[in-house]
Amino acid sequence: MTISILKEPAGERRVVCLPEIAGQLAKMNFEVLVESGAGKEAAFSDESYTASGAKIVSRSAALNADLVLCITIPSETDLATMRAGAALLCVYQPLINKDAVQHFCEKDITTFSMDMVPRTTRAQSMDILSSQATVAGYKAVLIAASNLPKFFPMFMTAAGSITPAKVLILGAGVAGLQAISTARRLGAVVEAFDTRSAVKEEVKSLGAKFVEVEGAAESAAAGGYAVEQSKEFLEKQKQKIFESAVKSDVIITTAQIPGKKAPVLIPKETVASMKAGSVIIDLAASTGGNCDLTKNNETVVTENGVIIIGNSNIPSTMPGDASKMFGKNVLNFLKLMLKDGQMNVNLEDDIVKGTCITHKKEIISPRVKDALAQQTK
Ligand code: NAD
């Protein structure tokens, strides 16, 4: 059986698997094909893949494999060249990209979308959303620090004293907690908000202050994710955030509710009262942003001098380790199905079932099935 690693489109510097993962697949008796130049942007040459046991091929040969691996969904032209009965693993947001789901069913392509891996303890080692959010949370702090006209740590020098930067983190999930640790390591004074009380102790153990707003809705059924809040709560929270925001040098926003538009926690009135030179990194830019003024994949400088950065593919700016973690997640997932040079799409396994979107012309993932059924109602 052949497994291929595609080169990502321009602008995406990561690669789905580094040579070490290609080597492990080769050792499992698969013929591993790598599109020439696939690892170049992440600083891995074709030769490093060859040394791990893979074969360098053209794009059309890579697209002709039994199992095609990539991060970005291939273009329509590329997909048209894939064989019926082949399999594709990528990240294609099937809950939004519903046309693609129908297309894969019609073409009899088995698809796995890595953003659909269930967030369970057993699936942690396969969770690309968590690994890539870790990269984003870390790098967001560095981007903020390099845009801030002042130091992060406190200094007592012969040239005077420097007070530490004040950093506010909104949402203390995977990205938020990583941002807290990184900002603390750089010596900033950090405050964090979240609607889930479960994260309070974790925030405090990282050396940040947890700011509580009473009356947040929580649900054990949400599986560790947040739920939507009432209008009254959001208004109360906006007021509390305003009080912290006007004192902050940096705000990193990470608040999300799966499948919904990101909650707006920083209205334009709050931005208008912030200090000139302060920086907002809005990690939720692709789902509408946690700040009113965020523009997806753009940097906005407001009239009062606040910089709002809405880069929604931060992991691509750190392609080496982001690809390393991504590939390890992919391998751990594939190990549920691959053995001795063969693939068995075992739908009895809840992780495979949740991540497999289409197989043998049918929709498999219960979440995608429900979403499409709702649409036709
Ligand atoms: P997560 O679900 O682990 O964390 C989100 C946190 O936000 C949760 O702890 C949740 O309780 C909290 N939250 C929800 N509503 C809130 C509210 N009203 N007030 C305060 N907190 C609230 O998600 P994650 O994996 O950490 O990802 C966070 C965000 O970063 C997502 O929007 C994700 O898409 C984005 N992301 C961006 C990039 C990028 O490059 N920009 C990369 C990876 C992830």
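What counts, and at which threshold
- Residues numbered from 1 in each chain as written.
- Predicted model: local features only at pLDDT ≥ 70, side-chain atom pairs only at ≥ 80, totals over all residues.
- Heavy atoms only, no water.
- Buried < 20%, exposed > 50% of the residue type's maximum accessible area, 1.4 Å probe, protein only.
- Helix = DSSP H or I, 4+ residues; strand = E, 2+ residues; numbered from the N terminus.
- Contact = heavy atoms within 4.5 Å.
- Pairing = 2+ DSSP bridges.
- Axes fitted to C-alpha atoms, helices over the stretch in contact; angles between N-to-C directions.
- Parallel < 35°, antiparallel > 145°, perpendicular 65-115°, else oblique.
- Nonpolar A, V, L, I, M, F, W, Y, C, P; charged D, E, K, R; others polar.
- Core = buried A, V, L, I, M, F, W, Y, C linked by side-chain atoms within 4.5 Å.
- Polar contact = N/O pair within 3.5 Å; in protein donor to acceptor, adjacent residues only side chain to side chain.

Note that an α-helix has 3.6 residues per turn; residues three or four places apart therefore point the same way. Of the residues making up helix α1 (residues 19–27), those classed as buried are P19, I21, A22, G23 and L25. Tucked into the core, α1 has its buried residues touching β1 (2–5), β2 (31–35), α2 (46–51), β4 (67–72), α11 (319–334) and β16 (338–339). Just beyond α1, the residue with positive phi is N29, at close to 75°.

With that settled, the discussion passes to the sheet that holds strand β13 (residues 279–282). With mixed pairing, the seven strands of this open sheet are ordered in space as β11-β10-β9-β12-β13-β15-β14. In the strand order of this sheet, the two ends are held by β11 (209–211) and β14 (299–301), each with one partner. Looking at each pair of strands side by side, their axes are set apart by 15° on average, direction ignored. Set on the sheet, helix α6 (residues 128–147) makes contact with β12 (250–253), β13 and β15 (307–309); between it and β13 the angle comes to about 155°. Strands in contact with helix α9 (residues 231–245) are β9 (166–170), β10 (189–193), β11 and β12; relative to β10, the strand with the most contacts, it is inclined by about 170°.

Relative orientation of the contacting elements helix α5 (residues 98–107) and helix α13 (residues 366–376) amounts to 110°, with a least axis distance of 11 Å. In terms of their interaxial angle, α5 and α13 are classed as roughly perpendicular. Facing K98, V101 and Q102 of α5, the residues of α13 in contact are V368, A371, L372 and Q375. The residue inventory of the contact of α5 with α13, partitioned by class, reads four nonpolar, two polar and one charged.

In this structure, I5, L25, L69, V330, F333 and L334 are the most contacted members of the largest nonpolar core, which totals 40 residues. Of all elements in the fold, only β1, α1, β2, β4, β5 (87–91), α11 and α12 (350–355) reach the threshold of two or more residues within this core. If you tally residues by element for this core, the top one is α11, at five residues. Leave out the neighbours within four places in its chain, and L334 touches L25, L67, L69 and L89.

Attention shifts here to the environment of E35. With respect to the helices, strands and loops of the structure, E35 is situated in strand β2. According to the relative accessible area criterion, E35 is buried, its value standing at 9%. Along the backbone, E35 and V15 are 20 residues apart, and their C-alpha atoms lie at a distance of 11 Å. Excluding residues that lie within four positions of it along the chain, E35 makes contacts with I5, L6, K7, D46, V57, S58, R59 and A62. Of note is the side chain of E35, whose polar atom sits 3.0 Å from the backbone nitrogen of K7.

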